[in-house]
Amino acid sequence: MSGDGKTLTLARQGLRDTTILISLYRRRLLKDGSSGSSSGSSSSEILGSVLLSLDLSFNHLTTVNGLRNFSKLRHLDLSHNNLMDVRCRYPPRLETLKLSHNNITSIEGLGGMEEGLLRVLDLSHNPLRVVDGIMHLKGLTELDLSHTRLGKPLDVRLLSFNASLQSLSIIGTPLAQKSVKSGKVVIMSLLPGLRLFNHNPTSTSRRTKCKDRNEGETAVNRSSKSSTTTSPSAHT
């Protein structure tokens, strides 16, 4: 645990259930001598008002429960577990969610984030066959679907609801392996504003950068001409 109690790492602890997190957190607070443990507040209140980052990676979790109590949690790492689905009421202010290297076949039930604050979602290395259940994540900017089982354009069609996406990876999927070019065409037709595809800049990104650079140079030239025109003559 970090000195301020805002980060809790429980990776590689052999955990099979998340319901014991509050008691584990309380033990860590007492062990580290955190002032919060003597404030008279309950363990769940302390946990909910302080913890910002939680690492539960490399455990044996098959389900996730009780995380709603982590009301201020921003970053959650559940990678390298045995999760088969994502059904859970997640903390409402979550910004980063890592779910890679599990056995997830469906992302239906990704609830509790109706405020739209989630920015980064990693679902790589899962036997996922279709993208669904993330249409409500309007603030999502980075999505990793690499090494999943997405095979057809139909499998990713619902990504069009995530118009805020700036970065997307489908590396190692059947869809990408069939034809890198056709896979990119499919994705770009759904997400024309995408900046990074498979970790590489898209033509949209390059065009935007060129446009911004040209507009910047034009503005500088106009400013220079304006100052030359309005400057007083050296001789009256």
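Since we're looking at a predicted model, the values are computed, not measured.

### Describing the overall build of the protein chain
Right, so step 1: Helix and strand counts for the protein chain stand at 5 helices and 11 strands.
Right, so step 2: The burial tally for the protein chain puts 41% of its 236 residues in the buried class.
Right, so step 3: Of the contacts formed within the protein chain by residues at least 6 apart in sequence, a portion of 40% connects residues at least 24 apart.
Right, so step 4: As displayed, the protein chain offers around 12,600 Å² of accessible surface, 51% of which is attributable to carbon and sulfur atoms.

### A word on the confidence of the model for the protein chain
Right, so step 1: Put simply, the protein chain has an average pLDDT of 80, and 71% of its residues get 70 or more.
Right, so step 2: Mean pLDDT values over the elements of the protein chain span from 51, in helix H5 (residues 203-230), up to 98, in strand E8 (residues 142-144).
Right, so step 3: Under a pLDDT of 50 for its full length, residues 35-40 has, in the predicted model, 4 contacts with residues more than four places off or in other chains.
Right, so step 4: Per-residue pLDDT stays below 50 along residues 206-213; that stretch engages in 2 contacts with residues further than four places along the chain or on separate chains.

### A word on the pattern of salt bridges
Right, so step 1: The tally for this structure, following the rule as stated, stands at 2 salt bridges.
Right, so step 2: One salt bridge in this structure joins arginine 74 and glutamate 95, with 3.7 Å as the shortest N-O distance. Of this pair, arginine 74 sits in the loop between strand E2 (53-55) and strand E3 (75-77) while glutamate 95 sits in the loop between strand E4 (88-89) and strand E5 (96-98); the two residues are 21 residues apart in sequence, bridging distant segments of the chain.
Right, so step 3: The partly exposed category is assigned to glutamate 95, whose relative accessible area is 30%.
Right, so step 4: Of the charged contacts, one joins lysine 152 and aspartate 155 as a salt bridge, the two residues approaching to 3.4 Å between their closest N and O atoms.
Right, so step 5: The class for lysine 152 is partly exposed, based on a relative accessible area of 44%.

### Quick word on the environment of proline 153
Right, so step 1: Here proline 153 is to be found in the loop between E8 and strand E9 (167-169).
Right, so step 2: Once the C-alpha coordinates of proline 153 and serine 182 are considered, the two residues, 29 residues apart in sequence, prove to be 9.4 Å apart.
Right, so step 3: When near neighbours in sequence (up to four residues on either side) are disregarded, proline 153 contacts Leu175 and Val186.

### A look at the nonpolar core
Soluble globular proteins: nonpolar side chains tend toward being buried together.
Right, so step 1: Formed by 49 residues in total, the largest nonpolar core has its most connected members in Leu97 and Leu121.
Right, so step 2: Elements represented by at least two residues in this core include exactly helix H3 (174-178) and helix H4 (180-190).
Right, so step 3: Here this core takes 3 residues from H4, the largest share from any one element.
Right, so step 4: In contact with leucine 121, other than residues within four places in its own chain, are Leu97, Leu99, Leu110, Ile134, Leu137, Leu140, Glu142, Leu143 and Asp144.

### Some details on the side chain of threonine 148
Right, so step 1: Mapped onto the elements, threonine 148 comes out in the loop between E8 and E9.
Right, so step 2: With a relative accessible area of 3%, threonine 148 lands in the buried category.
Right, so step 3: Of note is the side chain of threonine 148, whose polar atom sits 2.7 Å from the backbone oxygen of leucine 145.
Right, so step 4: What threonine 148 contacts, discounting residues up to four positions off in sequence, is Leu123, Ser124, His125, Asn126, Leu128, Gly172, Thr173 and Pro174.

Definitions and cut-offs
- Residues numbered from 1 in each chain as written.
- Predicted model: local features only at pLDDT ≥ 70, side-chain atom pairs only at ≥ 80, totals over all residues.
- Heavy atoms only, no water.
- Helix = DSSP H or I, 4+ residues; strand = E, 2+ residues; numbered from the N terminus.
- Buried < 20%, exposed > 50% of the residue type's maximum accessible area, 1.4 Å probe, protein only.
- Contact = heavy atoms within 4.5 Å.
- Areas by Shrake-Rupley, 256 points an atom, 1.4 Å probe, with all protein chains shown as cover.
- pLDDT = per-residue confidence, 0-100.
- Salt bridge = Lys/Arg side-chain N within 4 Å of Asp/Glu carboxyl O.
- Core = buried A, V, L, I, M, F, W, Y, C linked by side-chain atoms within 4.5 Å.
- Polar contact = N/O pair within 3.5 Å; in protein donor to acceptor, adjacent residues only side chain to side chain.

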